[in-house]
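# Observations on the model geometry
Here is how the chains run, residue by residue.
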Amino acid sequence: MEKVKVGIIGCGNISDIYFKNCSSYKSLEVIACADLDVEKAKQKAKLYNIKRAYHVDEILSDTEVQMIINLTIPAAHAEVCIASLEAGKHVYVEKPLAVSLEDGKKMLDLAEKKGLLLGGAPDTFLGGGLQTCRKLIDDGEIGKPVAATAFMMCHGHESWHPNPDFYYQQGGGPMFDMGPYYLTALVSLIGPVRRVTGSTSTSFLERETKDGRKIPVEVPTHVSGVLDFENGAVGTIITSFDVWGANLPFIEIYGETGTMSVPDPNTFGGPVRIKKQGETEWKEYSLTHNYTGNSRGIGVAEMADSIKSGTQHRASGQLTYHVLDIMHGFHLSSINGTHYLPFFKPERPKSLEPNTEF
Ligand SMILES: NC(=O)c1ccc[n+]([C@@H]2O[C@H](COP(=O)([O-])OP(=O)(O)OC[C@H]3O[C@@H](n4cnc5c(N)ncnc54)[C@H](O)[C@@H]3O)[C@@H](O)[C@H]2O)c1
């Protein structure tokens, strides 16, 4: 199969796993990379044997590049995506889709107008763990989902990330940073969300980096929310950068006839466990699907297949926009003291066949 030729913009922390993984998917070939700091692009190009290291305008005018993977910081996502779409490239962007809903909508509209595909992270819901959960739910193993909980509690990323400032600026915070993994998993497992309610707080006005530099905190760092799903299930989610320790599960789905314990949605593997009505023990289920190791980029590969086949890609702009809308909904609900109704409800992404290979 002829590969889709890809250019990566943003050669920072997360780019290594994309450089490593993308060459292993049969539909992708990374031929170029770029960064605001061209030296960073040159370093990655050398490390991963990429022929062309560019400034951003150069990669966008390279007619061989068909698709851009946008791995810049959240504040630059919209600008880089819009420039890429304007240059006639398909785009896959790291999460969140954009900082503002207006920019997210602009990106969706532009992609449609240009006849190009827009997709976005996370793609962990296409991994073996979450696809096994999806199959078990679709097979009726826990009955119809009636409720769910999701928890991501930590004390932020400044203890390890070399440039953690963006986590505390607009587009950052625990919900915009980690919420996409949890919300995308929930939408894939239960379906779209029709109503959102939230309360938020900022417990610490400053954060300290590894080297003792102070970062001002501009966003809520504890976000507690309620999700009313279209199918009637009610979800509870907390994402926090204010907590030193917690004993809460990642995600649990409560069905009419059993409870499912869902693996960490920031990973691709298991374990997947179910406790059924009337049973006293939890049972661990074997994973039915491939891609259980760090398979970041699987969403890009699936999108590349869709470019060729004309089918709907799963990690789509519509799905990432829905997640962005829900995340804004928690914050707006907290500010306004009202429920929030998401702008539109996308289709639940189709499940993968167990033996699918990209
Ligand atoms: N670091 C992680 O573990 C991780 C995990 C999952 C997702 N992400 C997401 O990946 C994205 C990047 O995160 P990171 O940790 O790699 O950040 P980073 O700060 O390490 O790297 C971002 C890179 O983008 C470049 N950049 C910024 N603005 C640009 C622009 N306008 N044009 C071109 N290049 C630009 C920067 O120079 C930098 O090299 C973020 O959206 C983040 O949410 C990060």
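Residues numbered from 1 in each chain as written. Predicted model: local features only at pLDDT ≥ 70, side-chain atom pairs only at ≥ 80, totals over all residues. Heavy atoms only, no water.

### A short note on the environment of Asn-49
Tracing the backbone through its elements, the reader meets Asn-49 in the loop between helix H2 (38–48) and strand E3 (52–54). We classify Asn-49 as exposed; its relative accessible area is 70%. Measuring from C-alpha to C-alpha, the distance between Asn-49 and Gln-66 comes to 19 Å, with 17 residues separating the pair along the chain. (Helix = DSSP H or I, 4+ residues; strand = E, 2+ residues; numbered from the N terminus. Buried < 20%, exposed > 50% of the residue type's maximum accessible area, 1.4 Å probe, protein only.)

### A few points about the packing of aromatic side chains
Any aromatic ring pair is given by two values, namely how distant the centres are and how the planes are angled relative to each other. Under the defined criterion, the tally for this structure stands at 8 aromatic pairs. Ring plane angle 5° and centroid distance 5.1 Å describe the contact between Phe-19 and Tyr-48, whose orientation is recorded as stacked. With Phe-19 in helix H1 (residues 15–22) and Tyr-48 in helix H2, this residue pair connects regions lying 29 residues apart in the sequence. A relative accessible area of 4% means that Phe-19 is categorised as buried. These aromatic residues form a ring-pair network of at least three members: Tyr-25, Tyr-291 and Phe-358. Taking NZ or CZ as reference, Arg-273 lies 4.9 Å from the ring centre of Trp-282, over its face. If you follow Lys-283 out to its NZ or CZ, it ends over the ring of Tyr-285, 4.5 Å from the centre. (Phe/Tyr/Trp six-rings, centres within 6.5 Å; stacked < 30°, edge-to-face > 60°. Lys NZ or Arg CZ within 6 Å of the ring centre and 35° of its normal.)

### Here we look at the packing of helix H4 (residues 74–86) against helix H5 (residues 101–114)
Closest axis-to-axis distance for the H4/H5 pair is 10 Å, and the angle between their directions is 10°. Relative to H5, the element H4 lies roughly parallel. Residues Ala-78, Cys-81, Ile-82, Leu-85 and Glu-86 of H4 pack against Asp-103, Lys-106, Met-107, Leu-110, Ala-111 and Lys-114 of H5. Broken down by class, the residue content of the contact of H4 with H5 amounts to 7 nonpolar, no polar and 4 charged. (Axes fitted to C-alpha atoms, helices over the stretch in contact; angles between N-to-C directions. Parallel < 35°, antiparallel > 145°, perpendicular 65-115°, else oblique. Contact = heavy atoms within 4.5 Å. Nonpolar A, V, L, I, M, F, W, Y, C, P; charged D, E, K, R; others polar.)

### Overview of the site of the ligand
Around the ligand lies a shell of 25 residues, among which Ile-14, Asp-35, Lys-40, His-77 and His-161 are the nearest. A distance of 2.6 Å is found between an oxygen atom of the ligand and a side-chain nitrogen or oxygen belonging to Asp-35. Isolated, the ligand exposes 830 Å² of accessible area, and the fraction of that covered by the protein chains is 90%. Here the ligand is seated within the largest pocket. Classifying every residue of the shell around the ligand by side-chain character gives 14 nonpolar, 6 polar and 5 charged. (Near = heavy atom within 4 Å. Polar contact = N/O pair within 3.5 Å; in protein donor to acceptor, adjacent residues only side chain to side chain. Areas by Shrake-Rupley, 256 points an atom, 1.4 Å probe, with all protein chains shown as cover. 1 Å grid on protein atoms, 1.4 Å probe; cavity = no way out; pocket = protein on both sides within 12 Å on 5 of 7 lines; lining within 4 Å. Sits in = over half its atoms within 2 Å of the grid points.)

### Brief notes about the sheet that holds strand E4 (residues 67–70)
Taking strand neighbours across the sheet as the criterion, the 6 strands line up as E3-E2-E1-E4-E5-E6 in an open arrangement whose pairing is parallel. The open sheet has two free edges, formed respectively by E3 and strand E6 (118–120), since each of these has just one partner strand. The mean angle between the axes of side-by-side strands here comes to 25°, regardless of whether they run parallel or antiparallel. Pairing between E4 and strand E5 (residues 90–93): 4 bridges, direction parallel. Bridge pairing in E5 places Ile-68 opposite Val-91. (Pairing = 2+ DSSP bridges.)

### Some details on the pairing of E4
On any regular strand, side chains alternate: one points to one face of the sheet, the next to the other face. The side-chain alternation of E4 yields two buried faces, one formed by Met-67 and Ile-69 and the other by Ile-68 and Asn-70. Pairing geometry for strand E1 (residues 4–9) and E4, over 4 bridges, is parallel. Directly across from Ile-8, in E4, lies its bridge partner Ile-69. Of the crossover connections in this fold, the one passing from E4 over H4 to the parallel E5 is right-handed. (Right-handed = clockwise from strand over helix to strand, strands pointing away.)

### Section: helix H8 (residues 298–309)
An α-helical turn contains 3.6 residues, so any two residues separated by three or four positions project in the same direction. Between its terminal C-alpha atoms H8 stretches 16 Å, which fits the 16 Å expected from 12 residues at 1.5 Å a residue. Buried within H8 are the following residues: Ile-298, Gly-299, Val-300, Ala-301, Glu-302, Met-303, Ala-304 and Ser-306. Looking at the buried residues of H8, the elements they touch are E1, H1, strand E2 (28–34), E4, E5 and E6. Directly beyond the C-terminal end of H8, a positive phi value near 75° is found at Gly-310. (Expected span 1.5 Å × (residues − 1).)

### Description of the sheet that holds strand E13 (residues 251–255)
Strands sit in the order E8-E11-E12-E7-E13-E14-E15-E16 across an open sheet of 8 strands; the sheet is mixed. Looking at the sheet topology across the chains shown, the edges are occupied by strand E8 (193–201) and strand E16 (283–285). Averaged over all neighbouring strand pairs, the angle between strand axes comes to 15°, with direction disregarded. As defined by bridge partners, strand E11 (residues 222–229) adjoins strand E12 (residues 234–240) across 7 bridges and the pair is classed as antiparallel. Each bridged residue has a counterpart across the sheet, and for Asp-228 the counterpart in E12 is Val-234.

### Topic: the layout of surface pockets
Empty space within the largest pocket amounts to approximately 1,200 Å³. Around the largest pocket sit 47 residues that line it, and Ile-14, Ile-73, His-161, Phe-166 and Tyr-167 are the ones nearest its centre. Within the residue set of the lining of the largest pocket, elements represented by two or more residues are H4, strand E7 (145–153) and helix H7 (173–190). Per-element tally for the lining of the largest pocket: the top contributor is H4, with 6 residues. The residue makeup of the lining of the largest pocket, split by class, is 27 nonpolar, 11 polar and 9 charged. (Points joined across faces, edges and corners; volume = space filled by probe spheres on them.)

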